[in-house]
Amino acid sequence: MPHSVVVFGAAGYTGALTAKLLYGHPSFELRALTARSDVGRRLDDLYPHHRIPLELEELDLDRHGEIDAAVVAYPHGASAPLVKALREREVRVVDLSADFRLRDAATYEAWYRPHEAPELLDDAVYGLPERYREQIRGASLVANPGCYPTAALLALAPLAREGVLDDVVIDAKSGVSGAGRAATDKTHFVAVDENVSAYGVPRHRHTPEIEQELATLGADLRITFTPHLLPLDQGELVTCYVTGNGALEDLDLDELYAGSYADEPFVELAAAPPGVRDVRETNFCRISVHRDPRTSRVIVFAAIDNLWKGAASQAVQNLNLMFGLPEGEGIT
């Protein structure tokens, strides 16, 4: 019997794509879609290319809370109260916001706002399957990683585990869909066409998330992280410039990365630096690692689709693990 699921916040880009993936999923029954805007419209009216003939409904937990699973695609800050209410009903939740990614409430408040459900932070598992697969299998609340942290952490994890990182600069670039559906001056077509611009300088909110997860791998350091907006609808590339200690020079990088990701179904290694088209509309992260003998630095590239592996398909990957299903079901 399929597991019942609702996508809360399905009017946005990631919520809508999650709905598409779950609508065709063989082991989940998509019961309903809710939205905070566009209530009463069908999703295939908003996003014809997804072809989901379900109406967006106003949130009503008496009707929408009797389910097995939920994906919450609310903005940061708005998500926590709904997640709390769903967990009180023993619904298993994947949350797409940042509300449960940071383990320390004070850190969250320093970068976002006062937390609405800090008592749930200890229960949340960070939803990067390549790092926390076994914990996700037994989790009731999974915090889906941000798109930039997903790519950056997969790029840097093998080096972090080896204890060779002294300094890291992450130059990241993403399509405009990463900013969400609501148009702003910076993401308007006129602003992004024929243009590339940095944003979130010098304090982007994904910085503590990346630092937190590098620290769990043994690399407790401050990073420099600068994202840029590209005139693309979707796609993401991060370039990580690594300065290491003496041990970095002795590492066989190809062997290290091949061994780290040999058993990972959604990480692929490439000799040449990847482009965003290589992974478009997939759950793959494509990584390429290079040594620069002149500067003694290592450069690691990672490309993902920010709406897929950076959000929606990774959410479904996490749901699959939480319900004991094949990890790639519904996303391959």
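All chains use their own residue numbering, which begins from 1 and follows the written sequence. With pLDDT at 70 or above as the cut-off, local features in this predicted model cover only qualifying residues; side-chain atom pairs require 80 or more to be listed or tallied, and sums for whole chains, interfaces and linings still use all residues. Hydrogens and water molecules were not included; the side-chain quantities draw on all heavy atoms of the structure.

Visitor: Requested: an account of the packing of aromatic side chains, with residues and values cited.
Guide: Working definition: rings of Phe, Tyr and Trp (its six-membered ring) pair if their centres are within 6.5 Å, and the pair is stacked with planes under 30 degrees apart, edge-to-face with planes over 60 apart, and tilted otherwise. For the structure on display, the rule yields seven aromatic pairs. Ring centres 6.2 Å apart and planes at 80° place the aromatic pair Tyr-126 and Tyr-132 in the edge-to-face group. With relative accessibility at 3%, the residue Tyr-126 sits in the buried group. Throughout this description, the term charge over a ring refers to an Arg CZ or Lys NZ atom that lies within 6 Å of the ring centre and within 35 degrees of the ring normal. When the ring centre of Phe-323 is taken as reference, the NZ or CZ atom of Arg-92 above it lies at 3.8 Å. Taking the ring centre of Trp-111 as reference, the NZ or CZ of Arg-203 above it sits at 4.0 Å. Only protein chains enter the area calculation, which uses a 1.4 Å probe; residues under 20% of their type maximum are buried, those over 50% are exposed, and those in between are partly exposed.

Visitor: Describe the side chain of His-25, listing the residues and the values that go with them.
Guide: With respect to the helices, strands and loops of the structure, His-25 is situated in the loop between helix 1 (13–23) and strand 2 (28–34). When its relative accessible area of 4% is taken as the criterion, His-25 is described as buried. For the purposes of these results, a polar contact is taken to be a pair of N or O atoms within 3.5 Å, where, inside protein, one atom must be able to donate a hydrogen and its partner to accept one; residues adjacent in sequence count only when each atom of the pair is a side-chain atom. Separated by 3.1 Å, the side chain of His-25 and the backbone oxygen of Glu-329 make a polar contact. We call two residues contacting when some pair of their heavy atoms lies within 4.5 Å. Those residues in contact with His-25 that lie beyond four places of it in its chain are Val-316, Asn-320, Leu-325, Glu-329 and Gly-330. Helix and strand labels come from DSSP, where a helix needs a run of H or I of at least four residues and a strand needs a run of E of at least two; each type is numbered from the N terminus.

Visitor: Got a sec to walk through the sheet that holds strand 14 (residues 297–304)? Specific residues and values, please.
Guide: Paired through backbone hydrogen bonds, the strands of a sheet run either parallel or antiparallel to each other. Whether two strands pair comes down to DSSP finding at least two bridges between them. If you walk across this open sheet you meet the seven strands as 9-10-8-11-14-13-12, and the pairing is mixed. On the outer flanks of this sheet lie strand 9 (197–198) and strand 12 (267–269), each paired with one strand and no other. Here strand 8 (residues 165–174) pairs with strand 11 (residues 236–244) via nine bridges, running antiparallel. Residue pairing for strand 11: Ala-172 is matched across the bridge by Val-238. Axes here mean lines fitted to C-alpha atoms, for a helix over just the part in contact, with angles spanning 0 to 180 degrees between N-to-C directions. Against the sheet, helix 10 (residues 253–261) contacts strand 12, strand 13 (285–292) and strand 14, and its axis sits at roughly 160° relative to strand 13.

Visitor: So, the nonpolar core: which residues are in play, and what are the values?
Guide: We call a set of buried residues a nonpolar core when its members are Ala, Val, Leu, Ile, Met, Phe, Trp, Tyr or Cys and they connect through side-chain atoms within 4.5 Å of each other. By size, the foremost hydrophobic cluster in this structure holds 82 residues, and its most contacted members are Leu-159, Ile-170 and Leu-319. The element contributing the most residues to this core is helix 7 (residues 147–162), with 11 residues. Setting aside anything within four residues of it in sequence, one finds Leu-159 in contact with Val-164, Leu-165, Val-242, Leu-248, Leu-251, Leu-253, Leu-256, Tyr-257, Val-298 and Val-300. Within the second largest apolar cluster, 22 residues are counted, among which are Val-83, Leu-86, Phe-100 and Ala-143.

Visitor: With reference to specific residues and values, describe unusual backbone geometry.
Guide: Here the bond from Val-201 into Pro-202 is cis, since omega is -5°, no more than 30 degrees from zero. Along the polypeptide, Pro-202 turns up in the loop between strand 9 and helix 9 (207–216). Phi at Arg-51 is positive, roughly 55°, even though this residue is not glycine. Of note, the phi angle at Ser-296 is positive, near 65°, even though the residue is not glycine. By secondary structure assignment, the location of Ser-296 is in the loop between strand 13 and strand 14.

Visitor: I'd love a proper account of the pattern of salt bridges, names of residues and values included.
Guide: Salt bridges, as used here, are contacts in which a Lys or Arg side-chain nitrogen is within 4 Å of a carboxyl oxygen on Asp or Glu. Tallied over the entire structure, the rule returns 20 salt bridges. Between Arg-133 and Glu-264 there is a salt bridge, with its nearest N and O atoms 2.7 Å apart. A residue pair is termed long-range when its members are at least 10 positions apart, and Arg-133 in helix 6 (residues 129–137) and Glu-264 in the loop between helix 10 and strand 12 qualify at 131 residues. Its salt-bridge partner being Lys-173, residue Asp-171 comes within 2.3 Å of it at the nearest N-O pair. Asp-171 sits in the partly exposed class, given a relative accessible area of 21%. Each of the salt bridges in this network shares a partner with another, and the network as a whole consists of Asp-38, Arg-41 and Asp-45.

Visitor: Any details on the side chain of Thr-207? Residues and values, ideally.
Guide: As for its position among the elements, Thr-207 is in helix 9. Thr-207 has contacts with Trp-111, Ile-223 and Phe-225, leaving out every residue within four places of it along the chain.

Visitor: Which residues make up the packing of helix 7 against helix 10, and what values do they have?
Guide: The interhelical angle for the contact between helix 7 and helix 10, taken along N-to-C directions, is 110°, at an axis separation of 10 Å. With respect to helix 10, the axis of helix 7 lies roughly perpendicular. For the pair helix 7 and helix 10, contact is made by Leu-153, Leu-154, Ala-155, Leu-156, Ala-157, Pro-158, Leu-159 and Glu-162 and by Leu-253, Leu-256, Tyr-257, Ser-260 and Tyr-261, respectively. The residue classification treats Ala, Val, Leu, Ile, Met, Phe, Trp, Tyr, Cys and Pro as nonpolar and Asp, Glu, Lys and Arg as charged. All others, Gly included, are polar. Residues that form the contact of helix 7 with helix 10 fall into these classes: 11 nonpolar, one polar and one charged. Oblique is the label for any angle not under 35 degrees, not over 145, and not in the 65 to 115 range, which are roughly parallel, roughly antiparallel and roughly perpendicular in turn.

Visitor: Tell me about the environment of Arg-203, residues and numbers included.
Guide: Relative to the helices and strands, Arg-203 resides in the loop between strand 9 and helix 9. Overall, Arg-203 belongs to the partly exposed group, its relative accessible area being 48%. In the structure, Arg-203 is positioned 183 residues away from Lys-20 in sequence and 34 Å away in space, judged by C-alpha atoms. Ignoring any residue separated from it by four or fewer positions in sequence, one finds Arg-203 in contact with Ala-110 and Trp-111. At 2.6 Å, the side chain of Arg-203 forms a polar contact with the backbone oxygen of Ala-110.

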